[in-house]
Amino acid sequence: MEAALRMGAADDAVAALRAAAPFQEVSEGLLQRIAAIARPARFKAGERIYSAGEATDDIYVVASGRVEHLFKREVGAREALKRVERGGVFGWAGLLLGQTRRLATATAVEPAELLRIPTEELVKLLESEPVEGAAVMDRFGGMIQREFTVPSLLAQVRRLSGAPLTEEMSRLSLTLYRLSLWLKSPRPYLMVIGFALFLGFWYLAVEVWRLPRFKEMPGLTAVVKEWVSPNPTYGLSLYTAEYYQHIWVSVWRVTQAFFLATALGVPVGLLLGWSRKFKEYVFPVFEMLRPIPILAWVPLAIVMFIATESAVIFLAFLASFFATALNTMLGVQSIDESYVRAAHCLGAGRWQVFRHVIIPGALPFIFTGLQISIGVCWFSLVAAEMVSGQFGLGYVINTSYMMVRYPTIVIGMVTLGIVGYTTSALVRLAGDYLMQWRVRELALGER
Amino acid sequence: MEMREPAPAAATRGHILIDDVVKVYDPEGAAVMAVDHCSLEIEPGEICMIVGPSGCGKTTLLNAIAGFHEITSGRILLDGELLCSSELPKAQPGPDRIVVFQNGALFPWKTNLENVIFGPVMQGRLQRGEAIDRGRAMMADAGLAGVEHNYPGEVSSGMRRRVEIVRALMNDPKVLLLDEPYRALDSLTKSVMHEALLEIYYKNKVTIFFITHDLEEAIFLGHRVAIMTTRPCKPKKLLTVDIPHPRDYSVLTSRRFRELMEETNEAVHEEALKAFQAGEKEG
Amino acid sequence: MQATVGKLLTNRVLWRGAVSIVLFLVLWELGSRSKLWMAHDLFTPLRELLGAVGLKKDYLPWVGAVPAPSAVFAAWLGVIDEAGYWQSWYMSFQRVLGGFAAAMAVGIPFGLMLAVSRTAHGIGFPVFEVLRPIPPLAWVPASIIFWPTQELAIMFITFLGAFYTIVINVVGGARSIDLRYFQAAQSMGASKWDMFKRIVLPGTLPSIVVGSAVGMGITWEVVVAAEMISGGGSQMGGAGGGLGFFIWNSYVGGSYEQIVVGMISIGIAGYISSELLRSLGRHATPWLRVR
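Along each chain, residue indices are assigned from 1 in the same order as the chain's sequence is written. Written order determines the labels here, with chains lettered from A and ligands numbered from 1. Local features are withheld for residues below a pLDDT of 70 in this predicted model, meaning they are given only at 70 or higher, and side-chain atom pairs are given and counted only at 80 or more; totals for whole chains, interfaces and linings count all residues.

*Asks:* With reference to specific residues and values, describe the overall build of chain C.
*Replies:* For the purposes of this entry, the term helix denotes a DSSP run of H or I that reaches at least four residues, the term strand denotes a run of E that reaches at least two, and both are numbered from the N terminus. When helices and strands are counted, chain C shows 13 helices and 0 strands. Each helix and strand of chain C, ordered N terminal to C terminal, gives the series α-α-α-α-α-α-α-α-α-α-α-α-α. The size measure is the radius of gyration over C-alpha atoms, and the globule rule it meets is 2.2 Å times the number of residues to the 0.38 power. A compact globule built from 291 residues would reach a C-alpha radius of gyration of about 19 Å, whereas chain C, at 25 Å, exceeds it by more than 25%. Considered along the principal axes of its C-alpha atoms, chain C spans approximately 85 × 60 × 45 Å. Working definition of burial: number of other C-beta atoms within 10 Å of the residue's own, with buried at 20 or more, exposed at 12 or fewer, and partly exposed in between, all C-beta atoms being placed from the backbone. Expressed as a percentage of its 291 residues, the buried residues of chain C come to 37%. Each residue is represented by a C-beta atom placed from its backbone, and any two residues with such atoms within 7 Å are regarded as in contact. Pairs at least 24 residues apart make up 71% of the contacts formed inside chain C by residues separated by at least 6 positions.

*Asks:* Please give an account of the interface of chain B and chain A that cites residues and values.
*Replies:* Each side of the interface is counted separately: chain B has 36 residues, and chain A has 27 residues. Every element with two or more residues in the side of chain B that touches chain A is listed here: strand 6 (97-100), helix 2 (112-123), helix 4 (157-169) and helix 5 (187-203) of chain B. Here the side of chain B that touches chain A is composed, by residue class, of 22 nonpolar, 11 polar and 3 charged. Gly is placed with the polar residues, together with every amino acid not listed as nonpolar (Ala, Val, Leu, Ile, Met, Phe, Trp, Tyr, Cys and Pro) or charged (Asp, Glu, Lys and Arg).

*Asks:* Tell me what's going on with the confidence of the model for chain A, and back it up with residues and numbers.
*Replies:* Residues and elements named next belong to chain A. Mean pLDDT over chain A stands at 82; residues scoring 70 or higher make up 90%. Confidence scores here are pLDDT values: one per residue, from the predictor, ranging 0 to 100. For residues 1-9, every residue scores under 50 in pLDDT, and the model assigns this stretch 10 contacts once sequence neighbours within four places are set aside. The low-confidence segment residues 162-167, where pLDDT is below 50, has 4 contacts with residues more than four positions distant or belonging to other chains.

*Asks:* Report on the sheet that holds strand 1 (residues 16-25) of chain B, specifying residues and quantitative values.
*Replies:* Residue and element names in this part refer to chain B. Judged by pairing direction, the sheet is antiparallel, and its 4 strands sit side by side in the order 2-1-4-5 without closing on themselves. Across the chains shown, the open sheet's two edge strands, defined by having one partner strand only, are strand 2 (32-42) and strand 5 (81-85). Between one strand and the next, the sheet's axes are offset by a mean angle of 20°, whatever the strand orientation. In this analysis, strands are considered paired if DSSP registers two or more bridges between them. Strand direction decides the pairing type here: strand 1 and strand 4 (residues 73-78), joined by 5 bridges, are antiparallel. Each bridged residue has a counterpart across the sheet, and for Asp19 the counterpart in strand 4 is Arg75. Under this scheme, a helix contributes an axis fitted over its contacting stretch, all axes are lines through C-alpha atoms, and angles between N-to-C directions fall in the 0 to 180 degree range.

*Asks:* Please set out the packing of helix 8 (residues 241-274) of chain A against helix 13 (residues 350-388) of chain A residue by residue, giving values where relevant.
*Replies:* When two helices pack together, their arrangement is given by the angle between the helix axes and by the axis-to-axis distance. All names here are of chain A. Packing of helix 8 against helix 13 brings their axes to within 8 Å, and their N-to-C directions diverge by 140°. It follows from the interaxial angle that helix 8 and helix 13 lie oblique. In terms of crossing hand, the pair formed by helix 8 and helix 13 is right-handed. Mapping the contact onto sequence places Ser250, Arg253, Val254, Ala257, Phe258, Ala261, Thr262, Val266, Leu270 and Trp274 in helix 8 and Phe354, Ile358, Ala362, Ile366, Leu370, Ser373, Ile374, Cys377, Trp378, Leu381 and Glu385 in helix 13. Residue composition of the contact of helix 8 with helix 13, grouped by class: 16 nonpolar, 3 polar and 2 charged. Angles below 35 degrees are treated as roughly parallel, those above 145 as roughly antiparallel, those between 65 and 115 as roughly perpendicular, and all remaining angles as oblique. Here a crossing is called left-handed whenever its near helix is offset anticlockwise from the far helix by less than a right angle, and right-handed whenever the offset is clockwise.

*Asks:* Tell me about helix 5 of chain B, and please be specific about residues and values.
*Replies:* Residue and element names in this part refer to chain B. Helices are assigned an expected span. That span is 1.5 Å times one less than the residue count. Taking 1.5 Å per residue, 17 residues should reach 24 Å; helix 5 reaches 25 Å between its end C-alpha atoms and fits that length. Among the residues of helix 5, those classed as buried are Thr189, Val192, Met193, Ala196, Leu197 and Tyr201. Looking at the buried positions of helix 5, the neighbouring elements they touch are strand 3 (47-51), helix 4, strand 8 (207-212) and helix 6 (215-221).

*Asks:* I'd like a rundown of the packing of helix 12 (residues 243-253) of chain C against helix 13 (residues 256-284) of chain C, residues and numbers included.
*Replies:* All names here are of chain C. Where helix 12 contacts helix 13, the axes come no closer than 8 Å and their chain directions differ by 165°. Between helix 12 and helix 13, the angle falls in the class roughly antiparallel. The chirality of how helix 12 crosses helix 13 is left-handed. In contact with Leu243, Phe246, Ile247, Ser250 and Tyr251 of helix 12, helix 13 contributes Gln258, Ile259, Gly262, Met263, Ser265, Ile266 and Ala269. Of the residues contributing to the contact of helix 12 with helix 13, the split by class is 8 nonpolar, 4 polar and no charged.

*Asks:* Which residues make up the domain arrangement of chain A, and what values go with them?
*Replies:* A domain assignment, automatic or from a database, supplies the domain bounds used here. When cut into domains, chain A gives domain 1 (10-158) and domain 2 (228-445). With centres defined by C-alpha atoms, the gap from domain 1 of chain A to domain 2 of chain A works out at 56 Å.

*Asks:* Run through the interface of chain C and chain A, naming residues and quoting values.
*Replies:* Listed by partner, the interface residues are 47 residues for chain C and 49 residues for chain A. At 9 residues, helix 13 of chain C tops the list of elements feeding residues into the side of chain C that touches chain A. Counted by class, the side of chain C that touches chain A contains 34 nonpolar, 11 polar and 2 charged residues.

*Asks:* Explain the domain arrangement of chain C to me, and be specific about the residues and the numbers.
*Replies:* Often the size quoted for an interface is simply the accessible area lost on bringing the parts together. By the assigned domains, chain C splits into domain 1 (2-66) and domain 2 (77-290). The distance between the C-alpha centroids of domain 1 of chain C and domain 2 of chain C comes to 36 Å.

*Asks:* So what's going on with the nonpolar core? Which residues, and what values?
*Replies:* Nonpolar cores are built from buried Ala, Val, Leu, Ile, Met, Phe, Trp, Tyr and Cys residues. These are joined into a set through C-beta atoms within 7 Å. Counting residues in each nonpolar core, the largest one holds 260 residues, and the members touching the most others are A:Val61, A:Trp297, A:Leu315, A:Ala316 and B:Phe209. At 19 residues, the largest contribution of residues to this core is made by helix 13 of chain A. Every residue in contact with A:Ala316, bar those within four places of it in the chain, is listed here: A:Arg253, A:Val254, A:Ala257, A:Cys377, A:Ser380, A:Leu381 and A:Ala384.

*Asks:* Which residues make up unusual backbone geometry, and what values do they have?
*Replies:* Residues and elements named next belong to chain B. For the bond from His245 to Pro246, the omega torsion is 0°, close enough to zero to count as cis. Backbone geometry places Asp79, a non-glycine residue, at a positive phi of 50°. Position of Asp79 relative to the elements: it lies in the loop between strand 4 and strand 5. Look at Asp79 and you get partly exposed, because 16 C-beta atoms sit within 10 Å.

*Asks:* Now, about the sheet that holds strand 4 (residues 67-71) of chain A: what can you tell me, with residues and values included?
*Replies:* Residue and element names in this part refer to chain A. The antiparallel open sheet is built from 4 strands, whose spatial order is 2-7-4-5. If you trace the sheet from one side to the other, it starts and ends with strand 2 (48-50) and strand 5 (81-84), each paired once. Pairwise comparison of adjacent strand axes, ignoring direction, gives a mean angle of 25° for this sheet. One ladder, built from 4 bridges, connects strand 4 with strand 5; its direction is antiparallel.

*Asks:* Which residues make up the environment of B:Glu43, and what are the values?
*Replies:* All names here are of chain B. Inspection of the secondary structure puts Glu43 in the loop between strand 2 and strand 3. When the 15 C-beta atoms within 10 Å are taken as the criterion, Glu43 is described as partly exposed. Once the C-alpha coordinates of Glu43 and Thr12 are considered, the two residues, 31 residues apart in sequence, prove to be 8.7 Å apart.

So, in structure tokens, the structure goes:
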């Protein structure tokens, strides 16, 4: 029943689309692409466009004329009858989840010129521009709710599915968007002020005003000069191999201790949380040993382990182990009982519940625990190195003091801070990667 | 909404007999009686609505049927088989009686589809591939096509409820136990959920044991409504809703509906007042 | 009384705990005495195995070098009489409490300021977060250079240890106060100061309690380390005293049993202080007890 029309230039189509609520803020490029898939159609007065119950295919945008749109009773619209004119959009039932049939009957009451856009092609087009596409779908939803008075259908508007490519892009665009928001807020500038104050005070107190206790301290310029000098006075700078040797030794020790502690601590923690029997037998001994500060173990560790290397790693391991096991146990205990019950209802056996409910459910806590654990690991390692090490950042700090190489002390401290932060961030990233569901949930919450 | 197909043949399984059940918490200590000699018989394929004020013990009853709590005395039978009794106080939870929880218990770390296929795959009744096909089909049937690969946290709460119901139905249960599942939804979403539930029910005749405090919801959905007293819980009044199925939202304004509301309103209000004065805590 | 004793005796949890502790002690005893029983011919293959792997042949690895619980207990009885032992307790406690009190006095206001004012948070928090990964012990040399006395230097380190934890907990706690409390107060006409006094402070209290319990643990770690470092080995000069120094001294002096005595003593001391803190906390937040 359509008559092909010359609508003049494609500009007419773009203009007609631009007048429609969902497309109002779309970029010119995307709008042109939508216009390209749109086909014009003309209807006479009184002509039926489609009837309720027919299969959905195209979305209609009114370029001119008037259309009468009558919802089926079951849809539950507040106003079932709606007159649609230029700028109006109807026939969008195909955008609802699982909806394959028309919800309304549409009739032209005056001669009408319409644009027909095939629903599935439009969806594909929108998926290729994830940020803009999502905005368009949002506006469709708003239009359905407000103009067509069926707010209950709002929840059924389809979400553009995440094909792997668009998932990557949307994560990237989400990050960029957040970055742009951050730059527009006062936060980065306050941060700069904070650092400026801190560093400025350090510089002034030590090197300019020479305040009483401060003048003995290594100054900011002295430290920086030493750190970046190719020929450092005290032997350690960004250019010396020794510097990286010390870093590597400490990092390698922490890695060993941390992985051992995780390999042992997570299973122990899971069992402590999951099995009451196990907890009743093991927890008392655990809690007896835990309050003993790790560094109180130093002499005993030296006695126990003939090699100092093993002693140092043992100490870092011990601290990490307690933190990991405890947090894992708390994680298991905090899992909502409903999940376990639901799994039982669905016929899962004990080990299946453990694998599919307990472990994933405790994972967020486990990772928080791991971040604490790696901090504790560094803490113990540094102490152990300071007392009984050869090489390593703790050793560097200690000997620099003894040999009156003050700027190197600060270099050691700063390096520790950076390396410690990096390892912590790595743990956090690993957690984010393993727990996609949580990242997405949190991201949605921030909207 | 789609055109309704004629309802399938009447169900033959899912007959629940609650026989003189008593539940006392902490019998040697505070001795709080939650359920007081409660007897109720539910026909196969019946939608039985349990209405009562908060904290009156109706969840205890549901938990006893599901196998999460023990009973002190009495018996509960399902299709003639003993679930629990005074000798065997705790039933075994199983896929013949599946619970849909108040705050939802979809596993947040699995996608919607993975949630839906969880039951049959865990029990070994279906291979993973078959389960996925069946799961997809059932989700599409319930209007959930397109969200298979989303995580529950990414979709609306109304949708989550439906996914949870599909997850239950995948196991071909005899009984669906619903514990105030729509309590946290707004009334607009609720009315859509009601119709969605009925649609699903018409395609899969299961016995539905539905706890609510909303009398309107109860009369709209149920074949029978049991109004419970405040703690200790016991059926105070049993009402048969003689409005024919299939029903749609136009029932809400029909005269018969209003009449039924009037009949039961007083009984419900009386119990609500008692609960209020006793300072009952929910949950 | 009878009833409670009876209940204790039949308490399964207590029995299981007791069993495991006893088992632990027995294994420890056997392990420590391994030099004795492994000398027997029966264990020759075990000794060969240890030798082949490269460990010392005469006793079980690691455990074999540790003094036995019986010896430790005997040493402890001997040490209880000495005034020096209790002096160590006193000195450690003094440092812990001093540093901890300082951390609370500075940390709580600082944390509250960060939580309440967005500007303060923007300026202060990044610097705080950048300094936090540097372990407190790394500050020891800097601290000794800066402070005039050894004692102050050690207290500064203990202060640092607890400070970070307390601030993080205060900020987290203040931020998680339900917005509706503020809205309710505003609608009842409360001033900014009122809201701070009556909502922010009590609302943050539970987090402060948690933060201080954790902070207390860290404080003990740091005190022990600082005492060991300043008392033993390096030229940082001895302020001396304290349980950490006691341990180091025992090691240097070769009385290994006393090492373990010292370790257990610190464990007990740490446990006591945490419990004290927790009960103080419970008093300050009676509304949480209802749970």
